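# Understanding the architecture of this molecule
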Amino acid sequence: MDIRAAIAAERRELADLLDTLSPEQWDAPSLCAGWRVREVAAHMSLGFRYPFPKIAVELLKARGSLNRMTDRCARKDAAALPPPALAAALRDHAHHPWTPPVGGFAAALGHDVVHGLDIAVPLGLDRRVPEDRLRVLLAGITPRGLKFFGAALDGVALHADDLDWSYGTGTPLRGTAQDLLMVAFGRKLPAGRLRGAPRARFAAA
């Protein structure tokens, strides 16, 4: 798979999805704790809109905390930018070479896919990530990544219903591949999306 082409396609598709949202949906909670849909959308394009010197200044303001910086910028930008501008920032930068600090282009694809689902899942939108993109991200799941995203999978084995894919050992947790990807990225999902004895551990309150 041409991963950069997949990233560009993902961003364009997400921009198209954002363009369909109502004002109420823009203000609805996402799967990112404390962020509405508009904060997630603002965060997704931060790496395109902020040149490195500005990021350095924002990091300094946040006393070196990347999490504090991204939260502050997402809230500030979500308040300042109208929804059409947030959607356009993804579409206009579909081919931007931004990547997270670690992980390269696969991590950039994961950033876009997971945050897109952070928006689509709680809104009940039928966003289906193409299989080739999912397989890249599922193949990249590692114990180090699980720890980074706070995914507590000790004693749990992930089994996809729609792909020939599993990860880990222990009591089976079943669901679609993209829902299990979200679990691996530390997300809690709405009730009814997962099956198996451990499902309550991974359900949103």
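Please refer to the structure placed before this passage.
Everything in this summary refers to the structure shown in the same document.

## As for the nonpolar core
Side chains of nonpolar character tend, in soluble globular proteins, to be buried together. In this structure, L138, L153, L158, W165, L173, L181 and V183 are the most contacted members of the largest nonpolar core, which totals 33 residues. For this core, the secondary-structure elements that each account for two or more residues are α1 (3-19), α8 (104-123), α9 (131-139), β1 (156-160) and α11 (177-184). Aside from chain neighbours lying at most four places away, what touches L173 is V156, A157, L158, H159, L180, V183, L194, R195, P198, R199 and F202. Judged by nonpolar contacts, the second largest core, of 22 residues, contains C32, A41, F48 and A74.

## A word on the pattern of salt bridges
Tallied over the entire structure, the rule returns 20 salt bridges. Note that D16 and R91 form a salt bridge whose closest N and O atoms lie 2.8 Å from each other. On the criterion of sequence distance, the pair formed by D16 in helix α1 and R91 in helix α7 (residues 83-92) is long-range, its members being 75 residues apart. Residue class for R91 comes out partly exposed when judged on its relative accessible area of 30%. In this structure, the salt-bridge partner of R38 is D27, at a minimum N-O distance of 2.8 Å. Remark: D27 occurs in the loop between α2 (23-26) and α3 (37-44) and R38 occurs in helix α3; sequence separation between them is eleven residues. Bridged by salt links that share partners, the residues E10, E13, R127 and R133 form one connected network.

## Focus: the packing of aromatic side chains
Within this structure, the stated rule accounts for three aromatic pairs. Look at F48 and W98: their rings are 6.4 Å apart centre to centre, the planes differ by 85°, and that puts the pair in the edge-to-face class. Pair noted here: F48 is in helix α4 (residues 46-49) and W98 is in the loop between α7 and α8, with a separation of 50 residues, a long-range link. Owing to a relative accessible area of 9%, F48 belongs among the buried residues under this scheme. Aromatic side chains F148 and F149 sit 4.9 Å apart centroid to centroid with 90° between the ring planes, which places their arrangement in the edge-to-face category. Looking at F149, the relative accessible area reads 35%, which means it is partly exposed. Pairwise contacts between aromatic rings join F148, F149 and F185 into one cluster. Taking the ring centre of Y50 as reference, the NZ or CZ of K54 above it sits at 4.2 Å.

## Considerations on the pairing of β1
Of all the five residues making up β1, four are buried; the element is thus mostly covered by neighbouring parts of the structure. Relative to strand β3 (residues 171-175), β1 is paired through five bridges, and the arrangement is parallel. Looking at the pairing, A160 lines up with G175 of β3. Sheet topology note: the β1/strand β2 (residues 166-167) ladder contains two bridges and is antiparallel.

## Let's talk about the packing of helix α5 (residues 52-61) against helix α6 (residues 66-80)
Running from N to C, α5 and α6 point in directions that differ by 110°, and their axes come no closer than 8 Å. The angle between α5 and α6 places the two elements in the roughly perpendicular class. Across the interface between the two elements, I55, E58, L59 and K61 of α5 pack against L66, M69, R72, C73 and K76 of α6. Class assignment for the residues of the contact of α5 with α6 results in five nonpolar, no polar and four charged.

## Regarding the packing of α9 against α11
Remark: α9 packs on α11, axes separated minimally by 10 Å, with the N-to-C direction vectors making an angle of 35°. For the pair α9 and α11, the crossing hand works out as left-handed. Between α9 and α11, the residues in contact are L134, L137 and L138 and A177, Q178 and L181, respectively. Among the residues making up the contact of α9 with α11, the classes are represented as five nonpolar, one polar and no charged.

How each quantity is defined
The written sequence of each chain sets the order in which its residues are numbered from 1. Local features are withheld for residues below a pLDDT of 70 in this predicted model, meaning they are given only at 70 or higher, and side-chain atom pairs are given and counted only at 80 or more; totals for whole chains, interfaces and linings count all residues. Processing note: side-chain calculations cover all non-hydrogen atoms of the structure and skip hydrogens and water entirely. Definition used in this section: a nonpolar core is a set of buried Ala, Val, Leu, Ile, Met, Phe, Trp, Tyr and Cys residues joined via side-chain atoms within 4.5 Å. Only protein chains enter the accessibility calculation, which uses a 1.4 Å probe; a residue is then buried when its area is under 20% of its type maximum, exposed when over 50%, and partly exposed in between. Strands here are runs of E lasting at least two residues and helices are runs of H or I lasting at least four, both read from the DSSP assignment and numbered beginning at the N terminus. Here, two residues are considered to be in contact whenever any of their heavy atoms come within 4.5 Å of each other. The term salt bridge refers to a pairing of a side-chain nitrogen on Lys or Arg with a carboxyl oxygen on Asp or Glu at a separation within 4 Å. Classification of ring pairs rests on two measures: the distance between centres of Phe, Tyr or Trp rings, Trp counted by its six-membered ring, which must be within 6.5 Å, and the angle between planes, read as stacked under 30 degrees, edge-to-face over 60 and tilted in between. Lysine and arginine charges are scored as sitting over a ring when NZ or CZ, respectively, is within 6 Å of the ring centre and within 35 degrees of the ring normal. For two strands to pair, DSSP has to find at least two bridges joining them. All axes here are fitted lines through C-alpha atoms, helices being fitted over the stretch that makes contact, and every angle between N-to-C directions spans 0 to 180 degrees. An angle below 35 degrees is treated as roughly parallel, one above 145 as roughly antiparallel, one from 65 to 115 as roughly perpendicular, and anything else as oblique. Residues are grouped as follows: Ala, Val, Leu, Ile, Met, Phe, Trp, Tyr, Cys and Pro are nonpolar; Asp, Glu, Lys and Arg are charged; every other residue, Gly included, is polar. Note on convention: the crossing is left-handed when the near helix lies turned anticlockwise from the far helix by less than a right angle, right-handed when the turn is clockwise.

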